[in-house]
Amino acid sequence: MVAFSSSLDQGGPCARTVLDAALLHEVIAGHDPLDSTSIDAPVPPVVEAARNGDVKGMRVGVVKQFRGEGYQAGVLQRFDESVELLKELGAEVVEVDCPSFDLALAAYYLIAPSECSSNLARFDAMRYGLRVGDDGTKSAEEVTALTREAGFGPEVKRRVMLGTYALSSGYYDAYYGSAQKVRTLITRDFEKAFEQVDVLVSPTTPTTAFAIGERADDPMAMYLADLCTIPTNLAGNAAMSLPCGLAPEDGLPVGLQIIAPAMKDDRLYKVGAAVEAAFTERWGHPLLEEAPSL
Amino acid sequence: MTVTELVSYEDALATYEPVMGLEVHVELGTKTKMFCGCATELGAEPNSQTCPTCLGLPGSLPVVNGTAVESAVKIGLALNCEIAEWCRFARKNYFYPDMPKNFQTSQYDEPIAFNGYLDVQLEDGEVFRVEIERAHMEEDTGKSTHVGGATGRIHGASHSLLDYNRAGIPLIEIVTKPIVGAGERAPEVAKAYVAELRELIKALGVSEARMEMGQMRCDVNLSLRPNGTEKFGTRSETKNVNSLRSVERACRFEIQRHAAVLSSGGTIVQETRHFHEEDGSTTSGRIKEEAEDYRYFPEPDLVPVAPSREWVEELRGTLPELPRVRRNRLREEWGVSEHDMQSILNAGAVDLIVATIEAGADAASARKWWMGELSRRANEDGVDLASLPIAPEQVARVCALVAEGSLNDKLARQVIEGVLAGEGAPDEVVEKRGLKVVSDEGALGTAVDEAIAANAAIADKIRGGKVAAAGALVGAVMKATRGQADAARVRELILEKLGVEG
């Protein structure tokens, strides 16, 4: 896995069913002695949880901050149906307040570009990869600059520049430093929320998928798509997204996000499997079967 | 201002007070690198001791070397520092081809050790306290070799070769607080500090700290302020001053250069400077017009280092006696002057003498052999005293043979020579070369009688009271016995036979 933003980068399974995801999860999870930031603890029993989907008696939190302006009506409709489903399956649903989540996007787009600017510095044409302009007349610096100019796309360059600026002397405290403080506040919001509930749920994204390149000229609109997943990424919790239906207005899939505390991944699979089974029964087939018509 | 227009050292000190800051990098002697398992051996084939991590390949991650942390804590403790309960690594971002990741994993505002001091002893015995700002962990860079230019510098080179064997070797950077109050002794203090630090590092066993091998490198920051003022002047930073003598010379040169600039109404430019061994001068390197922006931030690929207090105390318990304390103790035990002790230290003979004494020799004899005959040989052969092919135990055995009267000084020298020539242990050399003091009184008496008979005139002088003339007869006996007689006993016998009181 090539590092983009080291403190945010995270591997995870992607599969056709909750159980498949759990089976893959069990294989790839665990401590890696070559990665000291990986947790040295037993992998939670995710497969067992995926085989025994059940939300009876579980307390499920709906985060107040994950709706409102910018959220597509069809996304919220499918999400609300999912919450109703959880209640029908025996979960107790409560609303929780995570005020610092409003700052998450801003914090993320300082931390990620900052780390990105440093991580991508190694692509300098010296030891491997693309090398542009090495005609024997140019200095190492010139070759590095030409290579980076040619090899990085506009969004990568934007992030490298943003990050370089945010880490600069005199700006560090205002930008990277403040973003890390926000990160701590968000972590505390989660801790408080998980004192009241077992898992949190939200839409995975505020809108359904935008077309490739559609928001390339409007980075802010593109970044907003990450609104709901970023707090978890910043805090380092466990989270899962699974399909909860198609948005009526555009017929595109809507994701339901389930969030659990770190190392409580099994809760995701327990809830995910229950929701998946109920939806499959309601639809008469898995959502994936509708994929060819999309 | 050219380098020839220095003011004299005395004139400089008459007007200005030097303020120094010393930054010393020590390469730790760990078996593996700071963040990967690669070997650290010197002199290996270029790029043979590398892996994806120390080459900074995409997808690789660092893991901290526990032994390096232990060494850092030991150094911190020996420097009387506080040890951080929790600290992080930080990335120092800058582009250079010999830096694989284009950031150096270092420590920034959370060093593992801080607020300490090192007492250093000047040659006349005066103790000067150098305050330590911090000691932090980091990794070394690779090594660039510029080919095609006249001087090995990048300017004019056709291409550069990169060796990443050194990339990722653990370094400890030790930074002093501003050293004030040393006055005219500033260069001497700087040298004594680096020397003391080197001894300390060696005593801790964390590095061989060989400056000539680049295992210990020093940057000298220096500024002047008018005598009696408080505000520090602008500093220059002389990089990579890599011998004790050079540290002293670089300070001295910079004091004279700064004074010349300031006295003529000029201003010192904040810059890095290169030191030149040939003439002891420094020349301008790159000018730091604005402080370089390294965009430090905490290294997200590593977990924080949190040495437990129990572990720190355990390590404190393993610290050896500080070199300065040990030297002073030995100096008293051996009954030598500060000056002689300094010579012993400079010769690298302290541990050899200690080992020789531990093997049974008396201090005076052990010192005599190592600082006399053996130092001479080491000098002639251009090697370290310690690498002579003779063990302290063997020197001790020679001392014992002398003490019991089996050897005299002259024979002992031949035994040492034999050992150095690979003829075996002292007793074997004695045996093979037939080197034994003739202590057979009968044989000796005959030799004395013969010498008296052959030198009647001298014998008469001695009988007449010129006892000093006995030396000639002793010489004759020694010659006749091929040096294998005990000269003192020969002299006694001569005087006895001639009826003279010694």
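Residues numbered from 1 in each chain as written. Chains lettered and ligands numbered in written order. Predicted model: local features only at pLDDT ≥ 70, side-chain atom pairs only at ≥ 80, totals over all residues.

A few points about the overall build of chain A
Assigned secondary structure in chain A consists of 10 helices and 5 strands. What you see for chain A is a C-alpha radius of gyration of 21 Å, in line with the 19 Å of a compact globule of 294 residues. Viewed in the frame of its principal axes, chain A has a C-alpha envelope of about 70 × 40 × 40 Å. The long-range share in chain A, meaning contacts at least 24 apart out of those at least 6 apart in sequence, stands at 74%. (Helix = DSSP H or I, 4+ residues; strand = E, 2+ residues; numbered from the N terminus. Rg over C-alpha atoms; globule rule 2.2 N^0.38 Å. Contact = placed C-beta atoms within 7 Å.)

Some thoughts on the overall build of chain B
Within chain B one finds 16 helices and 14 strands. Whereas a compact globule of 502 residues would reach a radius of gyration of roughly 23 Å, chain B reaches 30 Å, over 25% beyond that. In chain B, which comprises 502 residues, the proportion classed as buried is 40%. Put simply, 69% of the contacts in chain B that link residues at least 6 apart link residues at least 24 apart. (Buried ≥ 20, exposed ≤ 12 C-beta atoms within 10 Å, placed from the backbone.)

Topic: the domain arrangement of chain B
Domains assigned within chain B are domain 1 (9-312), domain 2 (347-433) and domain 3 (441-497). Between the C-alpha centres of domain 1 of chain B and domain 3 of chain B the distance comes to 65 Å. (Domains from an automatic or database assignment.)

Section: the nonpolar core
Ile112, Ala135, Ala190, Tyr193 and Val220 of chain B are the most contacted members of the largest nonpolar core, which has 72 residues in total. Top element by residues in this core is helix α3 (residues 186-204) of chain B. It accounts for 10 residues. Contact partners of Tyr193 of chain B, with chain neighbours within four places excluded, come to Leu22, Leu118, Val120 and Val130 of chain B. Membership of the second largest hydrophobic core comes to 70 residues, among which are Tyr109, Ala239, Val254 and Ala260 of chain A. (Core = buried A, V, L, I, M, F, W, Y, C linked by C-beta atoms within 7 Å.)

Some thoughts on the interface of chain A and chain B
Interfaces are often sized by the amount of accessible area the parts lose when they come together. Contacts between chain A and chain B engage 23 residues on the former and 22 residues on the latter. Counting residues per element, the ones that place at least two in the side of chain A that touches chain B are α4 (104-119), α5 (140-151) and α6 (154-167) of chain A. For the side of chain A that touches chain B, the element with the most residues is α4 of chain A, which contributes 3 residues. Of the residues assigned to the side of chain A that touches chain B, the class counts are 8 nonpolar, 10 polar and 5 charged. (Nonpolar A, V, L, I, M, F, W, Y, C, P; charged D, E, K, R; others polar.)

Looking at the packing of α3 of chain B against helix α4 (residues 244-263) of chain B
All names here are of chain B. Orientation of α3 relative to α4, taken along the N-to-C sense of each, is 155 degrees, at an axis distance of 8 Å. Put simply, α3 runs roughly antiparallel to α4. By crossing handedness, the relation of α3 to α4 is classed as right-handed. In contact with Ala186, Pro187, Glu188, Ala190, Lys191, Val194 and Ala195 of α3, α4 contributes Leu244, Val247, Glu248, Cys251, Arg252 and Ile255. A per-class count over the contact of α3 with α4 returns 9 nonpolar, no polar and 4 charged. (Axes fitted to C-alpha atoms, helices over the stretch in contact; angles between N-to-C directions. Parallel < 35°, antiparallel > 145°, perpendicular 65-115°, else oblique. Left-handed = near helix turned anticlockwise from the far one by under 90°.)

A look at the environment of Pro187 of chain B
Among the structural elements, Pro187 of chain B can be located in helix α3. Discounting chain neighbours no more than four positions away, the residues touching Pro187 of chain B are Glu248, Cys251 and Arg252 of chain B.

Considerations on the pairing of strand β5 (residues 113-121) of chain B
All names here are of chain B. With 2 bridges joining them, strand β2 (residues 82-83) and β5 adopt antiparallel strand pairing. Paired with Ile83 across the bridge in β5 is Ala113. Where β5 and strand β6 (residues 127-139) come together, 8 bridges link them in antiparallel fashion. Across the sheet, residue Val120 finds its bridge partner in β6, namely Phe128. Where β5 folds back onto β6 in an antiparallel hairpin, the turn is made up of 5 residues, including Gly125, whose phi is positive at roughly 100 degrees. (Pairing = 2+ DSSP bridges.)

With respect to the sheet that holds strand β5 (residues 253-260) of chain A
All names here are of chain A. Taken together, the 5 strands give an open sheet; going across it, the order is β2-β1-β3-β5-β4, and neighbouring strands pair in mixed fashion. Either end of the sheet is taken by a strand with one partner, and the two such strands are β2 (92-96) and β4 (238-246). Across the sheet, the mean angle from the axis of one strand to that of its neighbour is 30 degrees, orientation sign disregarded. Its contacts with the sheet put helix α3 (residues 73-88) on β1 (59-63), β2, β3 (199-203), β4 and β5, and the angle it makes with β5 is roughly 50 degrees.

Quick look at the packing of helix α9 (residues 363-381) of chain B against helix α10 (residues 392-403) of chain B
Residue and element names in this part refer to chain B. Interaxial distance between α9 and α10 falls to 10 Å at its minimum, and their mutual angle equals 120 degrees. Judged on the interaxial angle alone, α10 and α9 are oblique. α9 and α10 meet at a crossing whose hand is right-handed. Residue-level contacts link Ser365, Ala366, Trp369 and Trp370 of α9 to Val395, Cys399 and Val402 of α10. For the contact of α9 with α10, the class distribution of residues is 6 nonpolar, 1 polar and no charged.

Description of the sheet that holds strand β3 (residues 90-93) of chain B
All names here are of chain B. Pairing is antiparallel in the open sheet, where 3 strands are placed in the order β4-β3-β14. Both edges of this open sheet fall to β4 (103-106) and β14 (297-298), since each of them pairs with a single strand only. The sheet contact formed by β3 and β14 spans 2 bridges and is antiparallel. Looking across to β14, one finds that Arg91 is bridged to Phe297.

With respect to unusual backbone geometry
Most peptide bonds take the trans configuration, and most residues that are not glycine carry a negative phi. Residues and elements named next belong to chain A. The backbone of Met263 shows a phi angle near 70 degrees, a positive value even though the residue is not glycine. One can find Met263 in the loop between β5 and α10 (265-283). With 14 C-beta atoms counted inside 10 Å, the residue Met263 sits in the partly exposed group.

A few points about α9 of chain B
Each α-helix turn comprises 3.6 residues. Residues three or four places apart therefore point the same way. Residues and elements named next belong to chain B. With 19 residues, α9 should reach 27 Å at 1.5 Å per residue; the first-to-last C-alpha distance of 25 Å fits that figure. Taken together, the buried positions of α9 are occupied by Ser365, Ala366, Arg367, Trp369, Trp370 and Leu374. Where the residues of α9 are buried, they touch α6 (323-334), α8 (350-358) and α10. Of the residues trailing α9, Gly382 is marked for its positive phi of about 65 degrees. (Expected span 1.5 Å × (residues − 1).)

So, α3 of chain A
All names here are of chain A. If you check α3, its first and last C-alpha atoms are 23 Å apart, about what 16 residues at 1.5 Å a residue would give, namely 22 Å. Of all the residues in α3, the buried ones are Val75, Arg78, Phe79, Ser82 and Leu86. Buried residues of α3 fall within an arc of 100 degrees about the axis and therefore sit on the same side. Residues of α3 that are exposed and point over 90 degrees away from its buried face: Ala73, Glu84, Lys87 and Glu88. (Arc of directions from axis to C-beta.)

Concerning the confidence of the model for chain B
In the predicted model, chain B carries a mean pLDDT of 91, and the fraction of residues at 70 or more is 97%. Interface predicted TM-score (ipTM) for the complex: 0.92; the corresponding pTM is 0.85. (pLDDT = per-residue confidence, 0-100.)

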